[in-house]
Amino acid sequence: QVQLVESGGGLVQPGGSLRLSCAASRIIFRIYAMGWYRQAPGKQRELVAAITSGGSTNYADSVKGRFTISRDNAKNTVYLQMNSLKPEDTAVYYCNTNPAVDRWGQGTQVTVSS
């Protein structure tokens, strides 16, 4: 089983920034690649950013240049720094392994609106 807890979402104006955090177990964090996913109303969940155990990163085209995924090995935590937020970034954001296992947490709501 995989247990992950997301936090850091909120309401922000367009152009603003948020940093999401994902607390993971040590064994998961050190072995598997991690990803941030999001699901907007009426849409399927999509992968927006991923980071491997070696630190390599990948981003969806829609967030490239605006979002940065990182991790703190000492804290077993994955972050998603989101800058220049757009209304279309509004979604529930989830963390999981990459590829994901079918166990999703509550996620954290990100709402971008003026």
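Refer to the structure printed above.
Basis of the calculations
Residues numbered from 1 in each chain as written. Predicted model: local features only at pLDDT ≥ 70, side-chain atom pairs only at ≥ 80, totals over all residues. Heavy atoms only, no water. Helix = DSSP H or I, 4+ residues; strand = E, 2+ residues; numbered from the N terminus. Rg over C-alpha atoms; globule rule 2.2 N^0.38 Å. Buried < 20%, exposed > 50% of the residue type's maximum accessible area, 1.4 Å probe, protein only. Contact = heavy atoms within 4.5 Å. Areas by Shrake-Rupley, 256 points an atom, 1.4 Å probe, with all protein chains shown as cover. Salt bridge = Lys/Arg side-chain N within 4 Å of Asp/Glu carboxyl O. Patch = residues over 30% accessible without salt bridge, like charges linked within 9 Å, V, L, I, M, F, W, Y side chains within 5 Å. Disulfide = S-S within 2.5 Å. Pairing = 2+ DSSP bridges.

Trainee: What's the story with the overall build of the protein in this structure? I'm lost.
Mentor: Looking only at helices and strands, the protein has 1 helix and 10 strands in total. In sequence order, the secondary structure elements of the protein are arranged as β-β-β-α-β-β-β-β-β-β-β. On C-alpha atoms alone, the protein measures out to a radius of gyration of 13 Å, which is about the 13 Å that the 2.2 N^0.38 rule sets for 114 residues. With the C-alpha coordinates of the protein rotated into their principal frame, the extents come out at 40 × 25 × 25 Å. Within the protein, the proportion of its 114 residues that are buried is 41%. In the protein, once contacts between residues fewer than 6 apart in sequence are set aside, the share between residues at least 24 apart is 53%. For the protein, the exposed area adds up to about 6,300 Å²; of that, 45% sits on carbon and sulfur atoms.

Trainee: Got a minute to help me understand the environment of Pro 14 in this structure?
Mentor: Relative to the assigned elements, Pro 14 resides in the loop between strand E2 (10-12) and strand E3 (18-23). When its relative accessible area of 41% is taken as the criterion, Pro 14 is described as partly exposed. Separated by 69 residues in the primary sequence, Pro 14 and Asn 83 place their C-alpha atoms 9.5 Å from one another. Those residues in contact with Pro 14, other than ones at most four positions away along the chain, are Leu 85, Pro 87, Val 112, Ser 113 and Ser 114.

Trainee: Is there a simple way to think about the pattern of salt bridges in this case?
Mentor: For side chains bearing opposite charge, pairing can occur when the charged atoms are close. This model, assessed by the stated rule, comprises 4 salt bridges. Across the pair Asp 61 and Lys 64 runs a salt bridge whose closest N-O atoms are separated by 3.1 Å. We note a salt bridge from Arg 66 to Asp 89, for which the minimum N-O separation is 2.7 Å. Placement of Arg 66 in the loop between strand E6 (57-59) and strand E7 (67-72) and of Asp 89 in the loop between strand E8 (77-82) and strand E9 (91-97) is noted, with a sequence separation of 23 residues between them. Among the charged side chains, a network of salt bridges with common partners joins Arg 38, Glu 46, Arg 66 and Asp 89.

Trainee: How should a nonpolar patch on the surface be read in this particular structure?
Mentor: Nonpolar side chains collect at one region of the surface, where Ile 27, Ile 31 and Tyr 32 lie side by side and expose about 350 Å² of accessible area between them. Relative to the helices and strands, Ile 31 is located in helix H1 (residues 26-31). Residue classification places Ile 31 among the exposed residues on the basis of a relative accessible area of 55%.

Trainee: In this structure, what is going on with the state of the cysteines? I would like to understand it.
Mentor: By definition, a disulfide links two cysteine residues through a covalent bond between their sulfur atoms. This structure, assessed with the given rule, holds 1 disulfide. The disulfide bridge from Cys 22 ends at Cys 95, spanning 1.9 Å between sulfur atoms. Every disulfide takes its handedness from the sign of the S-S torsion; for Cys 22 and Cys 95 that torsion is 70 degrees, giving right-handed. One end of the pair, Cys 22, is in strand E3; the other, Cys 95, is in strand E9, with 73 residues separating them in the sequence. Judged by relative accessible area, which is 2%, Cys 95 ranks as buried.

Trainee: Could you clarify how one ought to interpret the pairing of E9 in this entry?
Mentor: Remember that side chains alternate between the two faces of the sheet whenever the strand is regular. A large share of E9 lies buried, amounting to 7 of its 7 residues. For strand E4 (residues 34-39) and E9, the ladder comprises 6 bridges, and the chain directions are antiparallel. Counted as the bridge partner of Trp 36 is Cys 95 from E9. Both E9 and strand E10 (residues 108-112) contribute to a ladder of 3 bridges, which runs antiparallel. If you follow Val 92 over to E10, its bridge partner there is Gln 109.

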